[in-house]
Amino acid sequence: MKILITGICGFTGSTLAREWLSSEENLTIYGVDNLIRPGSEYNRAMLQKLGIKLFHGDIRAASDFEMLPSADWVIDAAANPNVLAGIDGRASTRQLIEHNLMGTVNMLEYCKRHAAGFILLSTSRVYSIAALAGVALEQRGESFRLTPGQMFPQGLSEAGWPRHSSTAPPVSLYGSTKLASEVLALEYGEAFGFPVWINPVASWPGQDSSAGLIRDICLLD
Ligand SMILES: NC(=O)c1ccc[n+]([C@@H]2O[C@H](COP(=O)([O-])OP(=O)(O)OC[C@H]3O[C@@H](n4cnc5c(N)ncnc54)[C@H](O)[C@@H]3O)[C@@H](O)[C@H]2O)c1
């Protein structure tokens, strides 16, 4: 099986690549990254040592996809994942949309061309801010947990956010680019007959890790 991971030098992309190569046989991983994220340069050498073929490319540029080999699955881990992106002055709103939404379109066009499956690493940020803001949290060690015994908004439970929670705006500019990517991905998959999976990258006690979940999905094929 051949997998293309976009944003492979980032936190999620590099973790998935490393974990899969240590646990799966007959797997070829290609990666593409524009190294825009401070720190992704450090992961490049590590990934190359693992035998991963890396391409320096930008998912915003459709022509950068022309040089990529054909893969069975694309994992989308390239993004500006900052919830304040587009409003904090570090990236413009247009840049955020180009990275997170137009980049998705280019990946979907690649999937259409190569009949590849698509896995979108989305975010719990696609859910309505108002509902989230009303949830009581308590600090345990270095993490926040849902305060037990409270009335949860519809869709939320101690197990997390199921997919039928409200995604009504506002969800943040960042969240809206991911939500729009989700919708487009599902439409492309339906229209052109390739599989699409959306992973919210949220881990909750008792759930599989994202890496495990995505690996299981790919190996179903
Ligand atoms: N890490 C988490 O806990 C978490 C939580 C929720 C959602 N996500 C989602 O997972 C995905 C990856 O997040 P992350 O935390 O690994 O981010 P990250 O910033 O660590 O990694 C992103 C990688 O993508 C690359 N990149 C950015 N723009 C690019 C472009 N235009 N072309 C090519 N490469 C580009 C960066 O250089 C970086 O290596 C995002 O879509 C994010 O929304 C992650």
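Residues numbered from 1 in each chain as written. Predicted model: local features only at pLDDT ≥ 70, side-chain atom pairs only at ≥ 80, totals over all residues. Heavy atoms only, no water.

A. Representation of the site of the ligand within the structure. Taken together, 26 residues sit near the ligand, with Thr12, Asp33, Arg37, Tyr174 and Lys178 positioned nearest. The separation between an oxygen atom of the ligand and a polar main-chain atom of glycine 10 is 3.0 Å. Arginine 37 places a polar side-chain atom, nitrogen or oxygen, 2.7 Å from an oxygen atom of the ligand. For the ligand, the accessible surface in isolation is 830 Å², of which the surrounding protein chains cover 89%. Only α1 (11-23) and α5 (173-192) provide two or more residues apiece to the shell around the ligand. (Near = heavy atom within 4 Å. Polar contact = N/O pair within 3.5 Å; in protein donor to acceptor, adjacent residues only side chain to side chain. Areas by Shrake-Rupley, 256 points an atom, 1.4 Å probe, with all protein chains shown as cover. Helix = DSSP H or I, 4+ residues; strand = E, 2+ residues; numbered from the N terminus.)

B. The arrangement of the packing of aromatic side chains in detail. By the definition in use, this model includes 2 aromatic pairs. The aromatic ring of phenylalanine 55 is capped on one face by lysine 53, whose charged end is 5.3 Å from the ring centroid. We note lysine 112 situated over the ring of phenylalanine 192; from NZ or CZ to the ring centre the distance is 4.5 Å. (Phe/Tyr/Trp six-rings, centres within 6.5 Å; stacked < 30°, edge-to-face > 60°. Lys NZ or Arg CZ within 6 Å of the ring centre and 35° of its normal.)

C. Region of interest: the pattern of salt bridges. By the definition in use, this model includes 4 salt bridges. With a closest N to O distance of 2.9 Å, glutamate 41 and arginine 44 form a salt bridge. A residue pair is termed a helical-turn pair when its members lie 3 or 4 positions apart in one helix, as glutamate 41 and arginine 44 do in helix α2 (residues 40-49) at 3 residues. Residue glutamate 41 is classed as partly exposed on the basis of its relative accessible area of 43%. For the salt bridge of lysine 112 with glutamate 109, the shortest nitrogen-to-oxygen distance reads 3.6 Å. Linking lysine 112 with glutamate 109, this pair stays in helix α3 (residues 93-114), spanning 3 residues, or about one helical turn. (Salt bridge = Lys/Arg side-chain N within 4 Å of Asp/Glu carboxyl O. Buried < 20%, exposed > 50% of the residue type's maximum accessible area, 1.4 Å probe, protein only.)

D. Local environment of the sheet that holds strand β8 (residues 196-199). As summarised here, the arrangement of the 6 strands in space is β3-β2-β1-β4-β5-β8, forming an open sheet in which the pairing is parallel. Here the strands that pair on one side only, and so sit at the sheet edges, are β3 (53-56) and β8. Looking at each pair of strands side by side, their axes are set apart by 15 degrees on average, direction ignored. Strand direction decides the pairing type here: strand β5 (residues 117-121) and β8, joined by 4 bridges, are parallel. Across the sheet, residue leucine 121 finds its bridge partner in β8, namely asparagine 199. Its contacts with the sheet place α1 against β1 (2-6), β2 (28-33), β4 (73-76) and β5, and it is angled at close to 155 degrees to β1. (Pairing = 2+ DSSP bridges. Axes fitted to C-alpha atoms, helices over the stretch in contact; angles between N-to-C directions. Contact = heavy atoms within 4.5 Å.)

E. Focus on the confidence of the model for the protein. Chain-level statistics for the protein give a pLDDT mean of 89 and a share of 88% at 70 or above. Within the protein, the element-level pLDDT minimum falls on helix α6 (residues 210-220), averaging 61, and the maximum on α3, averaging 98. Below a pLDDT of 50 lies the segment residues 202-208, which in the model reaches 11 contacts outside its immediate sequence neighbourhood of four places, other chains included. (pLDDT = per-residue confidence, 0-100.)

F. Region of interest: the pairing of β4. Burial along β4 is two-sided: the residues Trp73 and Ile75 and Val74 and Asp76 are all buried. Pairing between β1 and β4: 4 bridges, direction parallel. When the sheet's bridge partners are listed, isoleucine 5 is paired in β4 with isoleucine 75. As judged from the 4 bridges shared by β4 and β5, these two strands associate in the parallel manner.

G. Focus on the side chain of histidine 99. Tracing the sequence through the fold places histidine 99 in helix α3. Setting aside anything within four residues of it in sequence, one finds histidine 99 in contact with Asn34, Ile36, Ile59, Arg60, Asn80 and Thr104.

H. Geometry of the nonpolar core. Formed by 22 residues in total, the largest nonpolar core has its most connected members in Leu4, Leu68, Val74, Tyr110, Phe118 and Phe194. The biggest single contributor to this core is α3, with 5 residues. Excluding residues within four positions of it along the chain, leucine 68 makes contact with Leu4, Val32, Phe55 and Tyr110. Counting 17 residues, the second-largest nonpolar core is a separate cluster that includes Ile5, Ala17, Leu35 and Leu47. (Core = buried A, V, L, I, M, F, W, Y, C linked by side-chain atoms within 4.5 Å.)

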